[in-house]
Amino acid sequence: MRGRRAVSTSRLLQRWWCCRPPMAPSNSSSFLRGSAKQASGPSRAAGRSSTFHQNLKQEASNSQLNSRDFRSSEFATLRGTLSLNCRSFGSAATKFPRSPAFSRITSEDIYHFKEILGEKNVIQDEDRLSTANSDWMKKYRGSSQLLLAPGSTEEVSQILHYCDSRYLAVVPQGGNTGLVGGSVPVYDEVIVNMNRMDKIVSFDQISGILVCEAGCILENVGAFLANEGFIMPLDLGAKGSCQIGGNVSTNAGGLRFLRYGSLHGNILGLEVVLANGSVLDMLGTLRKDNTGYDLKHLFIGSEGTLGIVTKVSVLTPPQLASTNLALLACRDYFSCQKLLFEARRALGEIISAFEFMDCHSMEMVLKYLEGVRNPFSSSMYDFYVLIETTGSDEASDKSKLEAFLGRSMENGIIDDGVIAQDMSQTMSFWRMREGITEALVKAGAVYKYDLSIPVDKLYDIVEEMRSRLGHSAKVLGYGHLGDSNLHLNISTATYDEDIFAKIEPFVYEWTAKNKGSISAEHGLGLMKADKIYYSKTPEAVNLMASIKRLLDPKGILNPYKVLPPSLILPN
C-alpha cells in the first residue's frame, strides 16, 4: 500500500473526502462539510443501570433442572485425580469432577487403535499432545495421553465403536481455533483429530454444490472455489486454520453472515458418525428435500456432542465481479446504528458486510499488530465501520456506494472515511478488524464474550462494563453490527479473581434481561455449558439433554460441554 492513495475516483466524494494512504500518515485533517468531531476516547452514557437481581440459576433450580457446578502449552500427565488449571481460563467454567464412568487408556487400547490406524496415526508424542491439549489462546488445557488421526469415515466409525464399548471419552478436534474450550480435552479424553480428512469429494459447477471432507481448511476450500468462480458463504478471521467440520459443528457465523446467512441455510447435507460407530448418511445435494425430519440441523452447532461430522455438502454462491470496501469513522454509536439503517436501504442487495469496532479496539490493533497503520493519520475517532459491497456491475456498485457515502457525510453520519483502491488496501482494512483477537492475546489476559443483543442496546453493555471495572481493565466492543453480534472483550494484564467477579454473572444477567443470547456464534463449549439457562428455558434444555442421551447414551462424545454435565453424564 505504500505510495498508493486510497482516494475515491468519484468527483462527488473528492469534494468532502480526504483519504490518506495507510502507510503514509498525513498531518492534515479530513475535508468534510462542516467540522468533524475528533476524540481520543469513547463517549460515555449519561447514566448506568445497577446490577440486575435476576438469578436464572435459581429459576432453573425451581424447575428441578438445576445444573450442578462443574468446572499448546505444557503437557500434563495423569497423576491420580485430574484437575484443570482454572486460573488460566479467560472465563472459567465452574469445577466439575471427572466422570468415574469413563475408563482410562490402557496398553491394550493403544494396540487396538494401531491396528485400525497404523502406528504413525496413533500419537503419544508429548510435544504434539501439548499442542492438542490446549486451545490456541492458552486458556483451556486438558491432559489427554492419546491423539488419533483417522483418514476416512470408516476409521472414525471403528474408533467410536471401540471407544463406546470401552467407555472411553472422546473429543473431536479440527483446527482448534475455538474460543470457548469446545475442541480441547477437559481431562484425559481421547482426541480424534480430523486433519487427515482434507479432500474435496466433488463440485458441481452448474449448481455450485461442494462436497468435501470435514478436515478441509476453510481458506483452502475458498481457494479451490475461487478457481471455479465461486466462494464459500462463510468467511472467518481464523480461515487459515479452522476446518469445515468445526465450522459446521459450531454453526460459525463470520463476516459474510449478513449476505449469505447461517450455515443452517447453506449446508445441504452431512455425513456423521454417531457415538456407537454408526454412520448416518445425510449427504444430500438437493436444495429441496422435504421427506421427514431434517436431521442434519441437529448436528449443526452441536459442537461434536451428538456425533462427529466427516463430510459436508454445502451450497456455494458464485463469485461476483465487483467488490468494494470502505472504512468509515463515526462520532458515536448512534451514528453507527443510523449508518446501518441507511445502508440497508441505499445499498440493498449489494451490501455483504457491516462490521464495527470502537476506538479501544482500533488502539489495540495499532499498538500490537506489526505493520498496521492508522488510515486516518493521527486522528482517532470513537467508532469505526467497515462496509463491504459485492455485486455484478462494477461501475454501478461503486457509484451506488460512493453516492451513499457522500450523502452520509453531508448528513453528519460519517466524520471521515477511506475506500480501498486495491487488494492490498482491502486486506489491510480487514486486517484491522480480523486482527483484534490476536492483538488482545498479545496484550495480556482477556475475558471474551460473544453476545447477540438488539442493535439499539448492543453497545450499552460495553459502557456499563466499563463503568463497573473502572481503571482496572480496558473494555472493548466490536463485532458484526449487521447481525446484532457483539464481541465484548475485557483486557487486563493478568487474570484476576476480583475482576472476574465483577464480570460474571453480570454479563449473562444483563444479556438475558435485554432478551439477548449468551452465544451468538462461538458456541457454549466448556466455558458456558452451565450458563445455558440464561438463554434457554429449562424445558428446552431438558429436551436437548434427552436428544443427547438418545444419540450418545454413554455420554462419551465431548463430555462436560454445551449442556450442564449433571444432565447428561452417566452416573
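Structural data are supplied above this passage.
Residues numbered from 1 in each chain as written. Predicted model: local features only at pLDDT ≥ 70, side-chain atom pairs only at ≥ 80, totals over all residues. Heavy atoms only, no water.

A. Structural detail: the overall build of the protein. Scanning the protein from N- to C-terminus turns up 20 helices and 16 strands. With 571 residues in all, the protein has 56% of them scored as buried. Only carbon and sulfur atoms are counted for the fraction: they give 48% of the accessible area of the protein, which is about 23300 Å². (Helix = DSSP H or I, 4+ residues; strand = E, 2+ residues; numbered from the N terminus. Buried < 20%, exposed > 50% of the residue type's maximum accessible area, 1.4 Å probe, protein only. Areas by Shrake-Rupley, 256 points an atom, 1.4 Å probe, with all protein chains shown as cover.)

B. Looking closely at empty space enclosed by the protein. Computed from the structure, the largest cavity encloses a volume of approximately 60 Å³. Taken together, Arg-98, Phe-102, Ser-103, Arg-104, Ile-105, Leu-168, Ala-169, Asp-188, Glu-189 and Val-190 form the lining of the largest cavity. The residue inventory of the lining of the largest cavity, partitioned by class, reads five nonpolar, one polar and four charged. Put simply, the second largest cavity is a space of about 50 Å³. In terms of lining, the second largest cavity is formed by Met-232, Leu-234, Ile-244, Asn-247, Val-248, Leu-263, Ile-267, Val-312 and Val-314. Counting only elements with at least two residues in the lining of the second largest cavity, the list comes to α7 (244-250) and β9 (308-315). (1 Å grid on protein atoms, 1.4 Å probe; cavity = no way out; pocket = protein on both sides within 12 Å on 5 of 7 lines; lining within 4 Å. Points joined across faces, edges and corners; volume = space filled by probe spheres on them. Nonpolar A, V, L, I, M, F, W, Y, C, P; charged D, E, K, R; others polar.)

C. Structural context of the sheet that holds strand β12 (residues 383-391). The strand order β13-β10-β12-β11-β15-β16-β14 describes an open sheet built from seven strands, whose pairing is antiparallel. Lying at the two open borders of the sheet, with one neighbouring strand each, are β13 (416-419) and β14 (445-452). Strand-to-strand twist across the sheet, computed as the mean angle between neighbouring axes with direction ignored, equals 15°. Relative to strand β16 (residues 485-492), β14 runs antiparallel, the two being bridged by eight bridges. The partner of Tyr-447 across the bridge, within β16, is Ile-490. Where helix α12 (residues 359-368) meets the sheet, its contacts fall on β11 (351-358), β12, β15 (474-480) and β16, and the angle it forms with β15 comes to roughly 100°. (Pairing = 2+ DSSP bridges. Axes fitted to C-alpha atoms, helices over the stretch in contact; angles between N-to-C directions. Contact = heavy atoms within 4.5 Å.)

D. Focus on the nonpolar core. Counting residues in each nonpolar core, the largest one holds 121 residues, and the members touching the most others are Phe-113, Leu-270, Leu-339, Tyr-449, Leu-488 and Ile-490. Core analysis: the second largest hydrophobic core is formed by 29 residues, Val-372, Ala-420, Trp-430 and Leu-440 among them. (Core = buried A, V, L, I, M, F, W, Y, C linked by side-chain atoms within 4.5 Å.)

E. Representation of the environment of Ile-123 within the structure. Here Ile-123 lies in strand β1 (residues 122-123). Remark: the alpha-carbon pair of Ile-123 and Ala-149, spanning 26 residues in sequence, is separated by 7.9 Å. Dropping the residues within four chain positions of it, Ile-123 is found in contact with Arg-128, Leu-129, Gln-145, Leu-146 and Leu-147.

F. Molecular detail of a nonpolar patch on the surface. There is a patch of nonpolar side chains on the surface, built from Tyr-293, Leu-295 and Leu-298 and spanning about 340 Å² of accessible area. Tracing the backbone through its elements, the reader meets Tyr-293 in the loop between β8 (279-282) and α10 (296-299). Relative accessible area serves as the criterion here: at 77%, Tyr-293 is assigned to the exposed category. (Patch = residues over 30% accessible without salt bridge, like charges linked within 9 Å, V, L, I, M, F, W, Y side chains within 5 Å. Salt bridge = Lys/Arg side-chain N within 4 Å of Asp/Glu carboxyl O.)

G. View of the packing of aromatic side chains. All chains considered together, the criterion is met by 18 aromatic pairs. Here Phe-203 and Phe-230 contribute two aromatic rings whose centre-to-centre distance is 5.2 Å and whose plane-to-plane angle is 75°, an arrangement assigned as edge-to-face. Of this pair, Phe-203 sits in strand β5 (residues 200-204) while Phe-230 sits in the loop between α6 (218-228) and α7, and the two are 27 residues apart along the sequence. Taken as a pair, Phe-203 and Phe-230 share a single burial class, namely buried. Taken together, Phe-96, Phe-102, Tyr-187 and Tyr-560 form an aromatic cluster joined through their ring pairs. Its guanidinium or amino end placed over the ring of Phe-341, Arg-345 lies 3.7 Å from that ring's centre, counting from NZ or CZ. Taking the ring centre of Phe-506 as reference, the NZ or CZ of Arg-468 above it sits at 4.1 Å. (Phe/Tyr/Trp six-rings, centres within 6.5 Å; stacked < 30°, edge-to-face > 60°. Lys NZ or Arg CZ within 6 Å of the ring centre and 35° of its normal.)

H. Here's a closer look at the sheet that holds β8. Read from one edge to the other, the open sheet built from five strands follows the order β5-β6-β9-β7-β8, with strand pairing classed as antiparallel. The strands lining the two open edges of the sheet, one partner per strand, are β5 and β8. Going across the sheet, the axis of each strand differs from the next one's by a mean of 10°, ignoring polarity. With four bridges joining them, β5 and strand β6 (residues 209-213) adopt antiparallel strand pairing. Following the sheet pairing, Ser-202 is matched in β6 by Val-211. On top of the sheet, α6 reaches β5 and β6; it is set at about 30° to β5, its chief contact.

I. Structural context of the environment of Ile-568. Looking at the secondary structure, you find Ile-568 in helix α20 (residues 565-568). Residue classification places Ile-568 among the buried residues on the basis of a relative accessible area of 7%. Dropping the residues within four chain positions of it, Ile-568 is found in contact with Ala-545, Lys-548, Lys-561 and Leu-563.

J. Representation of the state of the cysteines in the model. In this structure the tally under the stated criterion is zero disulfides. No disulfide involves Cys-212; its sulfur sits 4.3 Å from the nearest other cysteine sulfur, which is in Cys-216. Here Cys-212 falls in the buried class, since its relative accessible area comes to 1%. Take Cys-330: it sits in no disulfide, and the sulfur closest to it among the cysteines is that of Cys-336, at 4.2 Å. (Disulfide = S-S within 2.5 Å.)

K. How the structure looks around the pattern of salt bridges. On inspection of all chains with the given rule, the structure shows 17 salt bridges. Among the ionic pairs, Asp-188 bridges to Arg-104, the shortest N-O distance being 3.6 Å. On the criterion of sequence distance, the pair formed by Asp-188 in the loop between β3 (170-173) and β4 (190-193) and Arg-104 in the loop between α2 (56-62) and α3 (107-117) is long-range, its members being 84 residues apart. Taking relative accessible area as the criterion, Arg-104 reaches 38% and is therefore assigned partly exposed. Among the ionic pairs, Asp-235 bridges to Lys-239, the shortest N-O distance being 3.5 Å. Note on Asp-235: relative accessible area 14%, which makes it buried.

L. Structural view of the pairing of β15. Burial analysis of β15 places six of its seven residues in the buried class, the great majority of the element. In this sheet, β15 lies alongside β11 in antiparallel orientation, the contact comprising two bridges. Bridge assignment links Met-357 to a residue of β15, and that residue is Tyr-478. In sequence, β15 turns back onto β16 through a hairpin of four residues, with Ser-484 there showing a positive phi of about 60°.

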